[in-house]
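# Architecture and fold: a report
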Amino acid sequence: MPSEVIRPSHFRRKKLWDPSIDPSLNFNVSSMFPISKYYNVIEKIHFAFYKAYLSGELDQAYIYGKRYATMAMCSIPKHEYYLSPAHLADKNKSIRKSTEVIGILEKVVAGMDREEEERDRQQKKYAERLAAEEVSKERFDADLAMQGVHSMPNGVPSPAALSVPPATPAPTHISAALAPPPPPFPPPSFKDISSEPSPPSYFEAMASVNGSTGNFIAPEYSNLPPSPMRKTKSFAVKELIDIYMMEFSDLKRKGKIAIYPLGTHQGKMREYNPMRDSTNGCAVIAPLISIHHMRSGGPGISDDVIERVIDDEAPPILRQVRQKLGLRSEALIVPSDVHDYLVDEKLLKQDQFVGVCGGNILDTEHLSSFYNLLEGKESVSKMAATLFFREHVVCILKMTRSNGEVCYDLVDSMPRDVVRGPPTAVRIRCKGLATFKNALFWYASKKFTEDNCNYIDLNDWDEMMCEFDPRVFQAFVWKA
């Protein structure tokens, strides 16, 4: 069987695009982000690809073309909304453009091959000229030796040397025309190829969305999306995770945090009664628990209420929302779609909505917006929030006891093994906001995989590419 022919530009392209080395090139999408956000990203990438190609910037065109094709043909099709009729036009357009991009990519690669072949020819000529000039120098030295030219101790040539015509001088420089070609310039910053204004800052984006539930997931792109930025200093997130784990254990030991197992978890009833199946229903379960909390007469709700929501109330709503959106029976749902449904059905009131925020869950400045919303401008005694992070939604219930003590419950409907016994849903009670902050860091740390940690260690947070970052979170906050 003949071996595969390696094209001249193979190693050059390998340097530009190697997902096995750079995890940011894998482009993992989340079905809990609106698919329209991803289509918006690849439209900007498509524009950048054509601009680079027409400008003859082959390296940059190759990067953008590979990025578009990978996202459009491999990443976005994994989104639960990909087959939804509501996004059929975007889907068909991305498929058509992918075919065009792949065709042009072949031209880009052919151009890179020609450049590498020319580079090889120039380097070969340079090596041949260098060898020829080295031979000339050796001959020159040999001529001097044969003619008996030598210097006297004081540096004055001997009389014999003066009577012999000088040999042809050895070349002292290499022809500039045959000098080795310089290495290619690195592709310019992706932000440089657009003349549009810079994207809004994180805080500007946050300030513009309070009071709306359906039009925000992350700051809107107003520029071309760059690759994630390399970290400017060494940072091991695992060391930080170890600190969170130790602090969490210490707070548990002091009685400031308590973990209570619940009698069920999402998806538990699937094998017993499909009509009560709540698999992948966290986007519905979390706001329903929040609604019960805000409607309750006392400071909070019982475990029985939470268990009833998971097994009985969530399943029929899940079926209705999925059917309305054209999703499969166990598809994940975008949280904002659920909130819109609950408002339309009068289960949530728009005047109860406090705000929405998001960003890097490991950044205290980003989280401060969330904590400020939870505390409330008027110190509301009972509030609730749904928090989306790493393909899952949990709810946070703020309650004020009769003695004035403020507690925060983090309710996770997924089966967890953080307590003795079989994995089950849990309710984590935190005494005070400071304790809750630690519990949230602990919760986030538990969800990071090895690949996530490697990505975080290699990349700084970049708002322009936040949908692909494992640290991204989003929270909706409501008041009673």
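Here the structure is a predicted model, which means the values were calculated and not measured. Position numbers for residues start from 1 in each chain and track the written sequence from start to end. A pLDDT threshold of at least 70 governs which residues receive local features in this predicted model, and a stricter bar of 80 or more applies before side-chain atom pairs are shown or counted, although totals over entire chains, interfaces and linings include all residues. With hydrogens and water stripped out, all remaining heavy atoms of the structure feed into the side-chain values.

Only DSSP runs of H or I covering at least 4 residues are called helices, and only runs of E covering at least 2 are called strands; the numbering of each starts at the N terminus. Secondary structure summary: the protein contains 13 helices and seven strands in total. Summary of the burial criterion: residues with accessible area below 20% of their type's maximum are buried, those above 50% are exposed, and those between are partly exposed, where the area comes from a 1.4 Å probe applied to protein chains only. Looking at the protein residue by residue over its 480 residues, the buried ones come to 48%. For the protein, the proportion of contacts with a sequence separation of at least 24, taken over those separated by at least 6, is 75%. For every accessible area listed, the method is Shrake-Rupley and the probe measures 1.4 Å; residues are considered covered only by the protein chains on display. When the accessible surface of the protein is summed, it comes to about 24,200 Å², and 55% of that surface belongs to carbon and sulfur atoms. In this analysis, two residues are considered to be in contact whenever any of their non-hydrogen atoms come within 4.5 Å of each other.

Our focus in this paragraph is the packing of aromatic side chains. Note on aromatic pairs: the rings of Phe, Tyr and Trp (six-membered ring only in Trp) are paired at centre separations within 6.5 Å, and the planes decide the class, stacked below 30 degrees, edge-to-face beyond 60, tilted for the rest. Tallied over the entire structure, the rule returns 13 aromatic pairs. Centroid distance Phe27 to Phe468: 5.5 Å. Interplanar angle 70°. Geometry classified as edge-to-face. Of this pair, Phe27 sits in the loop between α1 (10-16) and α2 (35-54) while Phe468 sits in the loop between α13 (450-458) and β7 (472-479), and the two are 441 residues apart along the sequence. Relative accessible area serves as the criterion here: at 10%, Phe468 is assigned to the buried category. Judged by centre distance (6.3 Å) and plane angle (80°), the rings of Tyr371 and Phe436 are edge-to-face. With Tyr371 in helix α11 (residues 364-375) and Phe436 in helix α12 (residues 433-447), this pair connects stretches of sequence that are 65 residues apart.

Our next topic: the nonpolar core. For this analysis, a nonpolar core means a set of buried residues of the types Ala, Val, Leu, Ile, Met, Phe, Trp, Tyr and Cys, connected via side-chain atoms within 4.5 Å. The biggest cluster of nonpolar side chains holds 80 residues, and the ones touching the most others in it are Tyr62, Leu288, Ile289, Ile333 and Leu397. Val419, Leu440, Phe441 and Tyr443 belong to the second largest nonpolar core, which has 41 residues in total.

Looking now at helix α7 (residues 237-253). By definition here, a helix of n residues has an expected span of 1.5 Å times n minus one. Over its 17 residues, α7 extends 25 Å from the first C-alpha to the last, a length consistent with the 24 Å expected when each residue adds 1.5 Å. Among all positions in α7, only Val237, Ile241, Tyr244, Phe248 and Leu251 are buried. For α7, the angular spread of the buried residues around the axis is 90°, confining them to a single face. Those residues of α7 that are exposed and aimed more than 90 degrees away from the buried face are Glu239, Met246 and Arg253. In this structure, the buried residues of α7 make contact with β1 (257-261), α12 and α13. Count one or two residues on from α7 and you reach Gly255, which has phi positive near 85°. For this quantity, the arc is that covered by the directions from the helix axis to the C-beta atoms.

It is possible for side chains of opposite charge to pair when their charged atoms get near one another. The term salt bridge refers to a side-chain nitrogen of Lys or Arg lying within 4 Å of a carboxyl oxygen of Asp or Glu. Counted by the stated rule, this structure contains 24 salt bridges. For Arg416, the salt bridge goes to Asp412, with nearest N and O atoms at 2.7 Å. Taking the relative accessible area as the measure of exposure, Asp412 reaches 3% and is therefore buried. One connected set of salt bridges, linked through shared partners, spans Arg12, Asp59, Glu115, Glu116 and Arg119.

This next bit is on the side chain of Arg322. Counting through the fold element by element, Arg322 comes out in helix α9 (residues 303-325). Here Arg322 is buried and forms no salt bridge, its nearest opposite-charge partner Asp277 lying at an N-O distance of 6.3 Å. N or O atoms within 3.5 Å of each other form a polar contact, as long as, within protein, one can give a hydrogen and the other can take it, and as long as residues adjacent in sequence are counted only when both atoms are side-chain atoms. There is a polar contact of 3.0 Å between the side chain of Arg322 and the backbone oxygen of Thr279. Here the side chain of Arg322 touches Asn280 through a polar contact of 3.3 Å, landing on its backbone oxygen. The charged-residue count follows a simple rule in which Lys and Arg add positive charge and Asp and Glu add negative charge, with His and chain termini not counted at all.

The next subject is the environment of Thr364. Here Thr364 is to be found in helix α11. Put simply, Thr364 and Lys437 are 73 residues apart on the chain and 9.4 Å apart in space, counted from C-alpha to C-alpha.

One can find Leu318 in helix α9. On the accessibility criterion, Leu318 (1% relative accessible area) is buried. Apart from the residues within four sequence positions on either side, Leu318 is in contact with Asp277, Ser278, Gly281, Val284 and Ile333.

Okay, α13 next. Among the residues of α13, Asn452, Cys453, Tyr455 and Ile456 are the ones counted as buried. Taken around the axis of α13, the buried residues stretch over an arc of 160°, which confines them to a single face. Looking at the buried side of α13, the elements it contacts are α7 and α12.

So, on to the sheet that holds β7. Strands in a sheet are paired, the pairing made by backbone hydrogen bonds, and the direction either parallel or antiparallel. If DSSP finds at least two bridges between two strands, the strands pair. An order of β1-β6-β5-β4-β3-β7-β2 is seen for the seven strands of this open sheet, with the pairing classed as antiparallel. Looking along the sheet, the strands with just one partner apiece sit at the ends: β1 and β2 (353-360). Adjacent strand axes in the sheet meet at a mean angle of 20°, parallel and antiparallel pairs treated alike. When strand β3 (residues 383-389) meets β7, the two strands line up antiparallel, connected through seven bridges. When the sheet's bridge partners are listed, Leu387 is paired in β7 with Ala475. Axes, fitted as lines to C-alpha atoms, cover a helix only where it is in contact. Angles between the N-to-C directions of the axes lie from 0 to 180 degrees. Packing against the sheet, helix α10 (residues 335-344) makes contact with β3, β4 (392-400) and β7, and its axis sits at approximately 15° to β7.

Before going further, it helps to spend a moment on the packing of α9 against α10. The contact between α9 and α10 brings their axes to 11 Å, and the two run at 110°. Our classification of the angle between α9 and α10 gives roughly perpendicular. Contacts from Ile317, Gln320, Val321, Lys324 and Leu325 of α9 reach α10 at Asp337, Tyr341 and Asp344. When its residues are assigned to classes, the contact of α9 with α10 shows four nonpolar, one polar and three charged. Oblique is the label for every angle not falling under 35 degrees (roughly parallel), over 145 degrees (roughly antiparallel), or within 65 to 115 degrees (roughly perpendicular). In the scheme used here, Gly and all other residues not listed as nonpolar or charged are polar, with Ala, Val, Leu, Ile, Met, Phe, Trp, Tyr, Cys and Pro taken as nonpolar and Asp, Glu, Lys and Arg as charged.

These values are about where atoms sit, not about what they do.
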